[in-house]
Structures are given as structure tokens and as C-alpha cells.
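# Chains, contacts and geometry: an overview
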Amino acid sequence: MTEKKLEAKITINGRVQGVGYRPFVYREAVKKGLKGYVINLGDAGVEIVVEGIENNVVSFIKVLKKDSPAVSEIKDFKIIFSPFKNRFKNFTIEKSRNKDDIASGIIPPDIGICEECAKDMDKERSRWFNYPFTACASCGPRFTGVYQLPYDRERSHMKDFPMCEHCEKEYYDPMDRRFDAQGITCSICGPQMSLYDAQGIKIQTNDVFSTTANLLGSGYIVAIKGIGGIHLAALADDDEVIIKLRKRKNRPRQPFAIMSSSLEEVKKFANLNKIEEKILTSWRRPIVLLRRKKNCLISDMVAPGLDKIGVMLPYSGIHLALFKKIKKSALIMTSANPSGLPMIIKNDHAFQHLKGIADFFLLHNREIVNRCDDTVLNIILNKYSFLRRSRGFVPDPIDIPIEKGFSIVVGAELRNSAAIAINGRCFLTQYLGDITTLESREFENEAINYFKKLLNITRNPDVIGCDLHPSYMTSHLAENISHNMGVKLIKIQHHHAHISSVSCENKLGIDEEVIGIALDGAGYGLDGAIWGGEVIKSNYKSFERLGHLEYLPMPGGDLCTYYPSRMLISALTNVLDDDEIRDITKNHVKLKFPYGEKEFEIILKQARKIETIKTSSAGRFLDSIAAITNICHERTYEGEPAILLEVLAKKKVKEKLDFEVEIEKINGIYVLKTSNFLYNLIKMKNNKNNHVLAYYGQNYLVKGFAELASLVAYEKGINKICLSGGVFANEYILKELYRLLTSQGFKIFFNTMVPSGDGGTALGQTIISLANVI
Ligand SMILES: [Zn+2]
Ligand SMILES: [Zn+2]
Ligand SMILES: [Zn+2]
């Protein structure tokens, strides 16, 4: 009896380009004795046609669904069966039918080195023994290495390294793991690492990794060029070395990320749950914030005062080769970016800008096409909470609920990302840093142009979006782009963008109204004040402000963000006269100012001046509490007072909270008052510990906004509440607000795909811009 034969046409959509998917299909088809072809359809995915024995076709389809390469992601899988026609002689990988097909397929993010390639580095006789650039069709750099699409060697950072005969053979062999791998390379034909001293003079050594390991082990700071940029590496278990690094980088307390050699080593110094373990070990290889164990081998100086440390695993052969020699659980690996400038990616810039910071330089001769910082995320409520969305996630698009139109938006100012959206997909750029210098603004401009090129878009956008803030450099950039292209510019209120980023992630419909709670550092308000503790009712087209934190003057403007005590004095001027404030700050609460008494008196005067700029910022409210609890008098990095408060508030507090939140309706808008509360908190200092005060302070914000939001939600008959803004990086505040509001029956949404901080505003700006022009 002959077995039944048939033909099947399979179309697969998702992340199936540039991840070794077609060679995988080829190998499986050949194994099962099937004939036919697989072809790249660009943006439309891949098409497979096979013919052969029915059982084999069926088991082939099962394997396609089940065992595809780790990095691939199947969104859509369609099969059409038809009678056997005996059309094919063998199985082939066909080139795309037209050029546009290839160009329209977006490249994947960078892929951490795979296990197979890592194993090759351990084989003594292999061409890849200790060779750090080894990669195959399913691993290696992508986004950081591609100049232009279609993605092939000539248009990538491998263009200067022609394949040797061995590599070439493997490249053309469909049964080989490195078949069609654009990044294929080996010790004979590929890039090389070199070690240099601080003067840029090459150090002669047979083994750069051994020598580097010895230098690191002796306490030197080494700049190491990796995949998306240059890191500064140093010992993570030596206080003196870390103090030296802090001094040289002028970062007195900012937490440093560490890289650990393996998951087993991580478990020696950190506690992690299954979700944290999964993302830490995934091919995306982000920095994950993990709870550090007490008295562990990692120095307290790595993240002073914090209960979590940012940890990542090696993601390139460079890191693996180094850890093989250094035999340490972990090393500090912090981005080398000179103040105000983007991370360094060029060798000559490294020598120039890291003078006096790095003692040695471990560099390679391959270009980094796209700078891409490490992603940083925390797991809160079992979901990703991004502090920075970059390497390993960019350029993955986010599906948005408006499926037509083309927009370019520039984001906010600090820790920024821009975005391009076309036909229902939004592409956030890599992390761009703070856009406060001409250099960083130029980097943003380049990033936007790169994404346009990547997406093969030559026409002008339908709309350009930017923040409402008149003096943000990004706003000026948007004005320039709009002017040059003659395209409409939409200026977007900061917190409307934050809240819309949440609605957008959750694909809420275009007219759907939500109540938004934006708790944030600063955003320019419609009335010219600095907003940042807001309750709004919004859809994508417009918003209405329904409630906010009490306005307080910001004596000295931006100086308030650096010196928390300033905001506390400001709040006290609402409830006390000058002499009372002098008394309280002398006898009951320690405040610190760089210029002492004189400065204090000036602040008092400024706070009482009618023209002093006002703020409703939740960040500044938390600053006041940081001052009362004496944990932070000078902010040395973004969010420091709030982060330290969070740690303090996590300590177990037995007593029940006994305060009422004070809400007042002023000109039709609800105002959550804070001045009296802060004064009462100072009075509590006599008989309560600082961690109890921190607990009270954060709960006032939580309880106040839960009441405020439920009040307006009932009034407006809206059940969906979106939470966004930089303050939601605070785990305690997010969890508590989530708990309180869900217990009242509200449906709560928060950011899980983009940062809740300003790095996520580009997504909100995108959907608002598109909603206003389509
Ligand atoms: Zn590999
Ligand atoms: Zn080679
Ligand atoms: Zn913000």
C-alpha cells in the first residue's frame, strides 16, 4: 500500500527574519524528506510550500510550531492543504521575489550569544576557541550592526571582514548552523581585540583577556568595547576600587550595574523569582533589578543604600572570554558616557573622553553602527517595569490601536527615546539619554533618520509631535523637522502623553475615555506651572485636568530638584510664619544647604514671592519627605530621594495609618493638599522613626490619589484608570495604588512595554499625534 501524499502551503508571520528561521525550516524539511521551498516575504513573514508523505508533512508542521529558534516569535500561522502534484525535485531556500520584500522586513534586536556558539569558544581545536566574535544565524548583534537593509554582510559592521574559505563554506551550507549567517566570522578572518594603556599605546600580549583579567584583578578600571557601546569595567567586590571609579566618574552614589558570569553565581548574591530568572537568562539579556542578599560578596558601594542591584549576564563572547579568565562572580559594567554626551562607541573617542577615568582600554576593530545602551528593568506585579528600554528590545515595534498614518515624535527631555510609527506599528528608538546638549540632540536626530531608513520610508510624515515645554531641546528639534518638511507639528502636554502611553500599550480604542493618574517629576502645564501630580480624564485626542497636588512655589526653580530641603521650606511657608519656620528647622528637622543660613533666608523670601514658579509635582512632594526623614539632602542622580524613600518604606511597619487626606475643590478642580501633612510629619519626628515617617509619607500620596481618582471616576462614570509617570518606578507606590484601586472595582492599567518615566512619553505622543490628524 502506498502512503498518502499531499502538498501544504504555510505562511508564517512574526519575528522570522534575521533569526535563522529559514535555515531551520530547510533542515527540518530535508530531515523529513519533504520537497518544496521556503521564501522570505519581507514584512509579510515567510512562505513555505512542501510536498511529500502526509505523516511527514504533519510532523514537519508540528516541529515548525514547537521547536523554532528561540528568538523567533510566531504571531500568525496559516496552512492550506492541497492534493499532491509532484512539483518539486528537492527543497530549496529561495531568494525573495522582489527587493521591496527584503527591505520591508525589520531587523531584530541584538541577540545574546547562544549556547552552541558559547560551547564553540571552549573547544580547543576550533576556529572559535576563545574567539569572542563568534555568531551564528540565530545569535549575535543585529540592530547595533546594520547600516542599511536588506540585512546582509555588505551593509553591516562585518563589511570590512571578508569571509575566509572555511567561513564561506559554512555560510553556503544549509545544514550548518552558520548557514546564511551575516555575522559569520572566525579567528582567521574576523575582528580582533587589542589592549591599550591610558596613552593609547598598544600592549603586547598573547592573550588580551588574561592580561585584562589580571589588570582588573589588580584594581584597575578598564574600558571595554562591546556590542552596543563601551563599558567601564571594575571589581564589584572591592570598596576602594569602586570609590576610585565613583570619584573619577563624578558619580558619588548612583548605582552601578554589574555583570555576573552565570545564573549560579547570581544566586550567590541575589534572590530571584522565576520571572526575574527567565528574563535575566533570555536572549535579550537586560539588566534586571534583583534583591541583594545580606552580607553578600558584592560591595555595598555598588548601589549605596539600595536593596536591589542591577544585574546582567554576559551577552557576547567578549564578556564570556573575560569571565573565563577573571574567575569572579561579578564585575561592575557601567556605560561609559561622559557627562552630557551619549555613550562612547568609537575607539578614538574612548581615548579622548575617558582620559583620567579608564586606566586601560580593551577595544576591537569592528564598528558599532548604532549606539545602544543596556536595557534596565524591574519586575513589579509580575510585569516588566522598564527604567530604560534599549538593547535587546529595540527595534521591536509596539502594535498601536491606530492602524494608519505615519508620525515622528521626539519625546521629552531626560532619559529620552523618540519614535516613528507607521501603519499601526510604533518603533521606539534606542535609549537616547538626556537631550540637553547639542551632541545629544544630534544623536536623537541621527536615530530618527536611521529608523526612517530602516523602515524604508522616503515620504514625509503626516504629523510631528513634541512636548509642550517651550525650552526643551527636543521641542526645537521637532520645530526644525516640521519646518524643513512642511509638516504639521503638534505640541503635547507631558502628562497627557504619559497616560496615553498606557492606554496605547493596552490598545484602548480611539474614543475610549480613561482616568489617568500621572505621578511624575516635572512636565510643563497648560497654565505655565510645573505639573507632576495629576488626575486627568483623557482620550487620545484631548484631556481635561480634574485634580492635582497642591501648588507649591519652587524657590530657585530647578535647584529644588537637587536640594530636597528647598521644597520642604516652600511647603512650610503655607502653614507657618518665617520665625516659626526658623525655629522648626533649627530644632526639629535637619535641613542642609550648600551655603547655610544665608541660603536658607533667600529661599524663605523666594518661596513667599508671588511670581515664583509653582509646581504640583509628586516627585517634589517625595523630596520633602526625604528631607524630613534625613535620608537625602542632595540629589546626585535622577530619582535618588524617591528611591531611597522606597527602600525605607519597605521596612516592616506595625502601626495602622491614622490620617485623613485633605482634598479641597478649588475652581472646580480637586486639590490634594500637602502642606499641613508635611508639617504634621515633622511634629511626628519626636516619637516616630524615620522609616515610619517614610511609610506615612508615601501612603499619603497613595491614599490621596486613590481617593482623588475614585472621586472623579465615579463622577464621570469611568471605570478604567491608567497609572504613569516616573514616580511609578517606585515599586511600593505602584503596588499600593494598584491594590487600593482594584479593591474598589476599577480596572487598572500601567506601563509594561515602555518606561513609565519619560522614556515612554514618545509612545503617548505618537498615539496623540496620529489621533489628531487621521
Ligand atoms: Zn549562535
Ligand atoms: Zn573565517
Ligand atoms: Zn514625565
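Each remark here, short or long, concerns the structure printed above.
Here's what I pulled together on the structure shown here.

Calculation criteria
Residues numbered from 1 in each chain as written. Chains lettered and ligands numbered in written order. Predicted model: local features only at pLDDT ≥ 70, side-chain atom pairs only at ≥ 80, totals over all residues. Heavy atoms only, no water. Donors = N, O, S within 2.8 Å, 3.2 Å for Na, K, Ca; no water. Helix = DSSP H or I, 4+ residues; strand = E, 2+ residues; numbered from the N terminus. Buried < 20%, exposed > 50% of the residue type's maximum accessible area, 1.4 Å probe, protein only. Pairing = 2+ DSSP bridges. Axes fitted to C-alpha atoms, helices over the stretch in contact; angles between N-to-C directions. Contact = heavy atoms within 4.5 Å. Tetrahedral: all angles 85-135°; square planar, octahedral: opposite > 155°, others 65-115°.

### Regarding the coordination of the zinc ion (ligand 3)
Coordination of the zinc ion (ligand 3) by the protein involves H494 (NE2), H498 (NE2), D520 (OD), D520 (OD) and D758 (OD), with metal-donor separations of 2.0 to 2.7 Å. Spacing between the donor residues of the zinc ion (ligand 3) along the chain follows H-x3-H-x21-D-x237-D. Residue H498 is located in helix 14 (residues 494-505), and its partner D758 is located in the loop between strand 31 (747-750) and helix 24 (761-773); the two are separated by 260 residues in the primary sequence. By relative accessible area, which is 16% here, D758 ends up buried.

### Digging into the sheet that holds strand 1 (residues 5-15)
Spatially, 4-1-3-2-5 is the arrangement adopted by the five strands of the open sheet, whose pairing is mixed. Because the sheet does not close on itself, it has two edges, and the strands there are strand 4 (73-83) and strand 5 (91-94). Adjacent strand axes in the sheet meet at a mean angle of 15 degrees, parallel and antiparallel pairs treated alike. Note that strand 2 (residues 35-40) and strand 5 share four bridges and pair parallel. Within the sheet, the bridge partner assigned to V38 lies in strand 5 and is I93. Helix-sheet contacts for helix 1 (residues 21-31) involve strand 1, strand 2, strand 3 (46-53), strand 4 and strand 5, and the interaxial angle to strand 5 is about 170 degrees.

### Structural notes on the coordination of the zinc ion (ligand 2)
Only C164 (SG), C167 (SG), C186 (SG) and C189 (SG) from the protein reach the zinc ion (ligand 2) as donors, at distances of 2.3 to 2.4 Å. Considering all four donor atoms around the zinc ion (ligand 2), the spread of angles at the metal, 103 to 117 degrees, places the coordination shape in the tetrahedral class. Considered as a linear motif, the donors of the zinc ion (ligand 2) on their single chain read C-x2-C-x18-C-x2-C. Note that C164 is positioned in the loop between helix 4 (115-120) and helix 5 (165-171) and C186 in the loop between helix 5 and strand 6 (193-197), a separation of 22 residues in sequence. You can call C186 buried: its relative accessible area is 0%.

### Looking at unusual backbone geometry
That bond from V394 to P395 is cis: its omega, 10 degrees, falls within 30 degrees of zero. Despite not being glycine, R415 shows a phi value in the positive range, around 45 degrees. Residue position: R415 is located in the loop between strand 18 (406-409) and strand 19 (419-422). Of note in the backbone geometry, N423 takes a positive phi value of approximately 50 degrees without being a glycine. Along the chain, the position of N423 falls in the loop between strand 19 and strand 20 (425-428). With a relative accessible area of 52%, N423 lands in the exposed category.

### Some remarks on the pairing of strand 24 (residues 530-538)
The buried count for strand 24 comes to nine of nine residues, which makes it a mostly enclosed element. Both strand 23 (residues 514-524) and strand 24 contribute to a ladder of eight bridges, which runs antiparallel. Looking across to strand 24, one finds that L519 is bridged to G533. Here strand 23 folds back onto strand 24, and the loop between the two strands holds five residues, one of which, G528, carries a positive phi near 85 degrees.

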